[in-house]
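Chain by chain, the residues:
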Amino acid sequence: LGASYLRPMVGAGLWAILATPADSPRRGVAVLARFPVGFDWRAGGDHYLDLELSVTRGLWVRRPDPENASPINPRLVPLPGLSWRWRR
């Protein structure tokens, strides 16, 4: 990668997602656990490119339909990510 450098990164976090469907008076809510693993590459100057694979798992859900009592799916879902950032 030339004169630039590559740094590994790992993290953990929680996401909360809200949904307001037009056909339901109740909001949907989901809480997810997220575990990203990836690399932070300094492309030059103050420019960075991040590449990650985030393993995500649902922890809790409240569906917009109060009669829908289906349980949350417990499987792990890998989500790839690519981002650019600039730091002064």
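Our subject is the structure listed above.
Position numbers for residues count from 1 along each chain, tracking the sequence in the order it is written. The predicted nature of this model means local features are confined to residues of pLDDT at least 70 and side-chain atom pairs, given and counted, to a pLDDT of 80 or more, with totals for whole chains, interfaces and linings taken over all residues. Note: side-chain values were computed over all heavy atoms of the structure, leaving out hydrogens and water.

Trainee: Can you help me understand the overall build of the protein in this one?
Mentor: Of regular secondary structure, the protein possesses 0 helices and 5 strands. Helical segments are the DSSP runs of H or I of at least four residues, strand segments are the runs of E of at least two, and each set is numbered from the N terminus. The linear arrangement of helices and strands in the protein, starting from the amino end, is β-β-β-β-β. Our radius of gyration is a C-alpha quantity, and the globule rule it is checked against amounts to 2.2 Å times the number of residues to the power 0.38. At 18 Å, the protein has a C-alpha radius of gyration far larger than the 12 Å of a compact globule built from 88 residues. When its C-alpha atoms are laid out on the principal axes, the protein stretches across 60 × 25 × 15 Å. When burial is assessed residue by residue, the protein has 19% of its 88 residues classed as buried. Whether two residues are in contact is decided by their heavy atoms: any pair within 4.5 Å suffices. Within the protein, contacts between residues at least 6 apart in sequence are counted, and of these 55% link residues at least 24 apart. Positive charges are assigned to Lys and Arg, negative charges to Asp and Glu, while His and the chain termini are left out of the count. Taken as the charge location is NZ of Lys, CZ of Arg, CG of Asp or CD of Glu. A distance of 6 Å separates the average location of the 12 positive side-chain charges in the protein from that of its 7 negative side-chain charges. Relative accessible area decides the class of each residue, using a 1.4 Å probe on protein chains only: under 20% of the type maximum gives buried, over 50% gives exposed, and in between gives partly exposed.

Trainee: Sorry if this is basic, but what is going on with the side chain of serine 24 here?
Mentor: In this structure, serine 24 sits in the loop between strand S2 (13-19) and strand S3 (28-44). A 3.5 Å cut-off defines polar contacts: any pair of N or O atoms within that distance qualifies, except that in protein one atom must be a possible hydrogen donor and the other a possible acceptor, and neighbouring residues in sequence count only when both atoms are side-chain atoms. Only 3.3 Å separates the side chain of serine 24 from the backbone nitrogen of arginine 26, close enough to count as a polar contact.

Trainee: Help me understand the environment of arginine 85 in this model?
Mentor: You can see arginine 85 is positioned in strand S5 (residues 77-86). Arginine 85 sits 25 residues away from tryptophan 60 along the chain, and the two C-alpha atoms are 31 Å apart. Excluding its chain neighbours within four sequence positions, the residues that come into contact with arginine 85 are Arg7, Asp40, Asp46, His47, Tyr48 and Asp50. A polar contact of 2.8 Å, which involves the side chain of arginine 85, links it to the side chain of aspartate 40. Side-chain polar atoms of arginine 85 contact the side chain of aspartate 50, separated by 3.4 Å.

Trainee: Looking at this structure, I do not really get the packing of aromatic side chains. What am I missing?
Mentor: Each pair of aromatic rings is reported with the distance of its centres and the angle of its planes. To pair, rings of Phe, Tyr and Trp, with the six-membered ring standing in for Trp, must have centres within 6.5 Å; the planes then decide the type, stacked if under 30 degrees apart, edge-to-face if over 60, and tilted in the middle. All told, the structure shown has 0 aromatic pairs when counted by the stated rule. Our definition puts a charge over a ring when NZ of Lys or CZ of Arg is within 6 Å of the ring centre and also within 35 degrees of the ring normal. Positioned over the ring face of tyrosine 48 is arginine 85, at 4.3 Å from the centre of the ring.

Trainee: Is there a simple way to think about a nonpolar patch on the surface in this case?
Mentor: Patches in this entry comprise residues that are over 30% relatively accessible and not in a salt bridge; like charges within 9 Å are linked, as are nonpolar side chains (Val, Leu, Ile, Met, Phe, Trp, Tyr) within 5 Å. Methods summary: accessible areas were calculated by the Shrake-Rupley approach with a probe of 1.4 Å, and residue burial reflects only the protein chains presented. We define a salt bridge as a side-chain nitrogen of Lys or Arg found within 4 Å of a carboxyl oxygen belonging to Asp or Glu. A cluster of nonpolar side chains, Leu49, Leu51, Leu82, Trp84 and Trp86, forms an exposed patch at the surface whose accessible area comes to about 590 Å². Of all the secondary-structure elements, those providing two or more residues to the nonpolar patch are strand S4 (47-62) and S5. The element best represented in the nonpolar patch is S5, accounting for 3 residues. Topologically, leucine 49 is positioned in strand S4.

What is shown is where atoms sit, not what they do.
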